[in-house]
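# Notes for the structure review
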Amino acid sequence: GVAREAGLPAVGLVDAALAAAALEPVPPGAVQLELSLHRAVVTVLEHVGELRRVRYELLPQHGWLALQQAWIDMIGAAFVRKTRFDPLHEAAGEQRLWDGLPGWLAALQGSDSVTIEVPAAGTTLAVELARADFAAAAHGLYDAVVQVLQRARPAGGPLHVRVSHRWSGLPGFADRLGTLRDCELRPLPRGAAALGALAFEGVLRREPAQLTLVQRLPVPLAREHAAVVRAARVAHGDRPTHVVHRGRAWPLGSAPLFVGWAVPAGQRALTVEAGPGVSRTHCQLACDADGAWLEDRSTYGTLLNGERVGGRVALRAGDRLRLGNPGVELELVRVVDDDGAA
């Protein structure tokens, strides 16, 4: 209705995240991340014969304005700390920071630091800020987005994240996503949603009287994702030897250790307390020549370092498992002899 009142002939409607991710063949499951003025949007996509939108989650107050404000506050605090001058004490000084911010962010894409100058009392004051300073200022916003991405991870597969051009240029954001296990990050070009809609114009075009929101498109499946390999080998020195629960350590070996609240008799078992989301035989842990492995056998999945996983996953010393909600906590550790040999 808005488009028609503005004189724009609307002939089709498509979910923006779906259109943006439709520019190239896709994996079986993907997550598209968009940044608007007032919020971030995480959209879960799935390929079942064609690409379709499964669900989405909005993060209000986590948009471009919130990020800009976090950086402006950080820059102002840096000037006060280093020069005793507060560039935010008057509207004109604050406006200078807002006007200069896009240029400083652009400079950080090719440099580790940027020098910010402001006029003050007939002179010019300057502070040098690193990309890490900008990343730290946005840490809380980044973490909130990462938590949603962790919940969106498909069971039994890696996390394929498609990010809009706004996200891909943010200082430290790609590094933050790089801390996620088995996460593939792919930046999308500017205007990806519009380009995707144009690529599927024939599918999207509708008669005005039949205008509906399109939530699936015939996007091909990427060949390299026809068979997904879940986990890579872990270096020998990082492999766990024991799992700890309530202060007691169970050794890991070639014989599987089954974890749950009612493991069948005859199985090597670590019995945990029953609770919401904890299965009778929830998962199993075992070692082989390639490392230590978790194999999920539960209904609702297992959390590994806060991420939901399914299938077979490689384990590292220091990993933490949580079964159910509020959950049973387990920790993977590596026990070594005095000479450093496991």
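Throughout what follows, the structure given in this document is the object of discussion. (Residues numbered from 1 in each chain as written. Predicted model: local features only at pLDDT ≥ 70, side-chain atom pairs only at ≥ 80, totals over all residues. Heavy atoms only, no water.)

Our focus in this paragraph is the overall build of the protein chain. The number of helices and strands found in the protein chain is ten helices and 21 strands. The principal-axis extent of the C-alpha atoms belonging to the protein chain is close to 75 × 65 × 35 Å. The proportion of buried residues among the 342 residues of the protein chain is 41%. Counting contacts in the protein chain only where the partners sit at least 6 residues apart, residues at least 24 apart contribute 56% of the total. Side chains of the protein chain carry 36 positive and 36 negative charges; the gap between the two charge centres is 6 Å. (Helix = DSSP H or I, 4+ residues; strand = E, 2+ residues; numbered from the N terminus. Buried < 20%, exposed > 50% of the residue type's maximum accessible area, 1.4 Å probe, protein only. Contact = heavy atoms within 4.5 Å. Lys, Arg positive; Asp, Glu negative; His and termini not counted. Charge placed at Lys NZ, Arg CZ, Asp CG, Glu CD.)

The final tally for this structure, using the stated rule, is 14 salt bridges. In this structure, Asp-15 engages Arg-53 in a salt bridge whose closest nitrogen and oxygen atoms are separated by 2.7 Å. Highlighted residues: Asp-15 in the loop between strand S1 (13–14) and helix H2 (16–21) and Arg-53 in strand S4 (residues 51–60), separated in sequence by 38 residues. The exposure class assigned to Asp-15 is buried, which follows from its relative accessible area of 10%. Since its relative accessible area comes to 17%, Arg-53 is described here as buried. The shortest N-O distance in the salt bridge between Glu-46 and Arg-52 comes to 2.5 Å. (Salt bridge = Lys/Arg side-chain N within 4 Å of Asp/Glu carboxyl O.)

Looking down a regular strand, the side chains alternate between one sheet face and the other. Pairing geometry for strand S3 (residues 39–47) and S4, over nine bridges, is antiparallel. Opposite Glu-46, over in S4, you have Arg-52 as the bridge partner. In sequence, S3 turns back onto S4 through a hairpin of three residues, with Gly-49 there showing a positive phi of about 80°. Pairing analysis gives two bridges linking S4 to strand S10 (residues 216–217), with the strands arranged antiparallel. Bridge pairing in S10 links Leu-51 to Leu-217. (Pairing = 2+ DSSP bridges.)

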